[in-house]
Amino acid sequence: FSLAVCLGEPVKIRNWTICGLPNDAFSIENGIVVDKSRRWPLCIDPQGQANKWIKKMEASNKIMVKKFTDGDYMRRLEGAISFGSPFLIENVLEE
């Protein structure tokens, strides 16, 4: 069983690899899960590969990147939700 065979779109997957997603089966399957999810995915990303990939993929949509420690992150998050803009929260701890 392979998610890339069942749910993957070769053109979309090639675009992901151009935008920096590693070209291994595990990364591609994770990309498919992120792409097909209806809600907000949580990416556990110790090497920062998914972070760079998402930033590059959403650069044309003016992605906003914030941390919980930023003073204005809540206001910015509300604005992004209101306007349907992409929003990436970095450095989320386990707690």
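See the structure above.
Here the structure is a predicted model, which means the values were calculated and not measured. Along every chain, residues carry numbers that run from 1 in the direction the sequence is written. Local features in a predicted model are, by the rule used here, given only for residues with pLDDT of at least 70; side-chain atom pairs are given and counted only at 80 or more, and totals for whole chains, interfaces and linings are based on all residues. Side-chain calculation: all heavy atoms of the structure are included, whereas hydrogens and water are not.

**Considerations on the overall build of the protein**
Of regular secondary structure, the protein possesses five helices and two strands. Secondary structure elements in the protein, listed N-terminal to C-terminal, are α-α-α-α-β-α-β. In terms of overall dimensions, the protein has a C-alpha envelope of 45 × 30 × 20 Å along the principal axes. The burial tally for the protein puts 27% of its 95 residues in the buried class. Considering only contacts within the protein whose residues lie at least 6 apart along the sequence, 46% involve residues at least 24 apart. The helix and strand labels rest on DSSP assignments: H or I over at least four residues marks a helix, E over at least two residues marks a strand, and numbering proceeds from the N terminus. Relative accessibility decides the category of a residue: with a 1.4 Å probe and only protein chains considered, values under 20% of the type maximum give buried, values over 50% give exposed, and everything between is partly exposed. The contact rule is simple, with two residues in contact once any of their heavy atoms fall within 4.5 Å.

**Some points on the state of the cysteines**
Pairs of cysteine sulfur atoms within 2.5 Å are what we label disulfides. Using the criterion set out here, one finds zero disulfides in the structure. Cys 19 forms no disulfide, and the closest cysteine sulfur to it belongs to Cys 43, at a distance of 15 Å. The exposure class assigned to Cys 19 is buried, which follows from its relative accessible area of 14%.

**Points about the side chain of Glu 90**
Along the polypeptide, Glu 90 turns up in strand 2 (residues 87-90). On the basis of relative accessibility, which here comes to 13%, the residue Glu 90 falls in the buried class. Polar contact is the term for a pair of N or O atoms within 3.5 Å; when the atoms are in protein, one must be able to donate a hydrogen and the other to accept it, and sequence-neighboring residues count only if both atoms are side-chain atoms. A distance of 2.9 Å separates polar atoms of two side chains, one belonging to Glu 90 and the other to Lys 55.

**Section: the side chain of Ser 27**
Within the fold, Ser 27 resides in helix 3 (residues 25-36). Take Ser 27: its relative accessible area is 11%, and that puts it in the buried class. When near neighbours in sequence (up to four residues on either side) are disregarded, Ser 27 contacts Leu 21 and Pro 22.

**A word on unusual backbone geometry**
Positive phi, close to 60°, is recorded for Lys 62, a residue that is not glycine. Within the element layout of this structure, Lys 62 appears in the loop between helix 4 (49-57) and strand 1 (64-67). Judged by its relative accessible area of 68%, Lys 62 falls in the exposed class. Located in the positive-phi region is Asn 91, a residue other than glycine, with phi close to 55°. As for its position among the elements, Asn 91 is in the segment after strand 2.

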